[in-house]
Amino acid sequence: MGLEIDINLAAKEDDNYNEDDMDDDNYYEDGMNDDNYNEDGVGEEFGHSNGGESSINMKKNSEPYVGMEFNSDGIAQSFYLEYAKMTGFAASKIACRRSKVTKEWVEAKYACTRFGSKRKTDARNPRPCMKIDCKAMLHVKRRQDGKWVVQNFVKEHNHELSPEDVHYFPCYRNIASGDLNNISTLHSVGVKPSKIFAALAKQCGGYQNIGFLQKDMRNFLDKKRRLELESGVAKAMLEHFTRMQEENLNFFYAMDLDEEQRLRNVFWVDAKGREDYKIFGDVVSFDTT
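Here, residues in each chain are numbered from 1, in the same order as that chain's written sequence. Side-chain atom pairs in this predicted model are given and counted only at pLDDT of 80 or more, local residue features only at pLDDT of at least 70, and totals for whole chains, interfaces and linings cover all residues. Neither water nor hydrogens contribute to the side-chain values; these are computed over all heavy atoms in the structure.

**Details of the overall build of the chain**
Part 1: Elements are defined by DSSP. Helices are runs of H or I of four residues or more, strands are runs of E of two residues or more, and each kind is numbered from the N terminus. For the chain, the helix and strand inventory stands at 6 helices and 8 strands.
Part 2: Along the chain, helices and strands appear, N-terminal first, in the series β-β-α-β-β-β-β-α-α-α-α-β-β-α.
Part 3: Three labels apply to residues, based on accessible area from a 1.4 Å probe with only protein chains included: buried if under 20% of the type maximum, exposed if over 50%, partly exposed otherwise in between. In the chain, which comprises 289 residues, the proportion classed as buried is 36%.
Part 4: Counting only contacts in the chain whose residues sit at least 6 apart along the sequence, the fraction spanning at least 24 positions is 59%.
Part 5: Per-residue and other accessible areas follow the Shrake-Rupley method at a 1.4 Å probe size, with only the shown protein chains counted as cover for residues. Carbon and sulfur atoms provide 47% of the accessible area of the chain, an area that totals close to 18700 Å². Only heavy atoms enter the contact rule, under which two residues are in contact if any of them lie within 4.5 Å.

**As for the pattern of salt bridges**
Part 1: Only one rule defines a salt bridge in this text: a Lys or Arg side-chain nitrogen within 4 Å of an Asp or Glu carboxyl oxygen. Under the criterion given, the structure shown has 10 salt bridges.
Part 2: The closest approach of N and O atoms between E104 and R142, which form a salt bridge, is 3.5 Å. Within this pair, whereas E104 is found in the loop between β3 (91-98) and β4 (105-112), its partner R142 is found in strand β5 (residues 137-142), the two being separated by 38 residues in sequence.
Part 3: Classification of R142 by relative accessible area gives partly exposed; the value is 34%.
Part 4: With a closest N to O distance of 3.1 Å, K135 and D133 form a salt bridge.
Part 5: It is possible to trace a salt-bridge network through shared partners that takes in E69, R143 and D145.

**Regarding the nonpolar core**
Part 1: Core analysis: the largest hydrophobic core is formed by 27 residues, its most contacted members being F70, Y80, F89, L138, V140, V150 and Y172.
Part 2: For this core, the secondary-structure elements that each account for two or more residues are α1 (73-87), β3, β4, β5 and β6 (148-154).
Part 3: Per element, the largest residue contribution to this core is 7 residues, and it comes from α1.
Part 4: Filtering out sequence-adjacent residues up to four positions away, Y172 remains in contact with L81, A84, K85, F89, A90, A91, V166 and G211.
Part 5: Within this scheme, the nonpolar core is defined by two criteria: the residues are buried Ala, Val, Leu, Ile, Met, Phe, Trp, Tyr or Cys, and they are joined through side-chain atoms within 4.5 Å. I183, L186, I196 and F197 belong to the second-largest nonpolar core, a separate cluster that totals 12 residues.

**Focus on the packing of aromatic side chains**
Aromatic ring pairs are defined here through the distance separating the ring centres and the angle between the ring planes.
Part 1: For Phe, Tyr and Trp, where Trp contributes only its six-membered ring, two rings pair if their centres lie within 6.5 Å, and the inter-plane angle classes them as stacked under 30 degrees, edge-to-face over 60, or tilted in between. Within this structure, the stated rule accounts for 12 aromatic pairs.
Part 2: Relative to Y83, the ring of Y80 has its centre 5.9 Å away and its plane inclined at 35°; by these criteria the two rings are tilted. Taken together, the residues span about one helical turn, with Y80 and Y83 both in helix α1 at a distance of 3 residues.
Part 3: On the basis of relative accessibility, which here comes to 0%, the residue Y80 falls in the buried class.
Part 4: The class of Y83 is buried, set by a relative accessible area of 4%.
Part 5: Between Y83 and F153 the ring centres are 5.8 Å apart and the planes differ by 75°, which places this aromatic pair in the edge-to-face class. Remark: F153 occurs in strand β6 and Y83 occurs in helix α1; sequence separation between them is 70 residues.
Part 6: The rule for a charge over a ring is simple: NZ of Lys or CZ of Arg within 6 Å of the ring centre, and within 35 degrees of the ring normal. The ring of W105 carries the charged tip of R98 above its face, separated from the ring centre by 3.9 Å.

**Some points on unusual backbone geometry**
Part 1: Notably, K103 is not glycine yet its phi reads approximately 65°, a positive angle.
Part 2: Residue placement: K103 occurs in the loop between β3 and β4.
Part 3: Classification of K103 as exposed rests on a relative accessible area of 53%.

**Things to note about the pairing of β3**
Residues in a regular strand project their side chains so that they alternate between the two faces of the sheet.
Part 1: Most of β3 is tucked away, with 7 of its 8 residues classed as buried.
Part 2: Pairing between two strands is assigned when DSSP locates at least 2 bridges connecting them. Remark: 6 residues form the turn of the hairpin made by β3 and β4, two consecutive strands paired antiparallel; K103 in that turn has positive phi of roughly 65°.

**Some points on the side chain of E107**
Part 1: Tracing the chain through its elements places E107 in strand β4.
Part 2: Polar contact criterion, stated in full: a pair of N or O atoms within 3.5 Å, where within protein one must be able to donate a hydrogen and the other to accept it, and residues adjacent in sequence count only if both atoms are side-chain atoms. Reaching out from E107, the side chain makes a polar contact with the side chain of R97 at a distance of 2.8 Å.
Part 3: For E107, the side chain forms a polar contact with the side chain of H139, separated by 2.5 Å.

**Section: helix α3 (residues 193-204)**
Part 1: Each residue after the first adds 1.5 Å to the expected span of a helix. Helix length check: α3 (12 residues) gives 16 Å between terminal C-alpha atoms against 16 Å at 1.5 Å per residue, within 8%.
Part 2: Of the residues making up α3, those classed as buried are P193, S194, I196, F197, A198, A199, L200 and A201.
Part 3: In the stretch just after α3, G205 is the one whose phi turns positive, near 85°.

Have a look at this one:
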């Protein structure tokens, strides 16, 4: 079902709405003090369970406990994510371990994204880090019968929880394919992003229920606009480059297309530039993205 939009619908102009307040992309990567631990995927966000399994439908006030069993690590992962979302914090996988014998995953740890401490850096303008050594975590192990059992659960956090603000957290933000299509269609006919977002909010019953922020939508549209050039523009560029190369064989160009034959990247250098490189061995490039 397509998205119905009222072009007279007011865009969101709420002074209390700040998309940057809870925007923390910092995730702590850690091992588990064991050489068998594999850091592949450490710090990954887990919006969906492994193996295509559906997420857990949790009852209000449900929480993990030592001895709790799950049919798979994916279900354990989904359960902790849903628990974190209901409680008001962001979570990520911080470590996992394979069996030396079977090479199957047998252990995993999930934790609050404020787990761990800030890393020392010599960077002049380091990225902000929200880590404050929070100990909240869930540790699960796989039994011989295939069940995954909670070995340790730390409930307490050393910071305030914000269940009303969880929709700001990166690990809970995702634009579904259906929304991508609706956004693209509406934007292509001239509907402003603010009105598209307002229409989505009306359809979902509130901005907090959309599943992503307006800036996520704008980032998607900006990326789409950069990657998509009208065929006439790309054709004219190709014809110009071909003509330049016919006039001087030292003119070089390369055009990169995606699966749908849309122009993705383009590079060119004239004959003088190539000769200058032979002499100076250096280049100056400009990235306008």
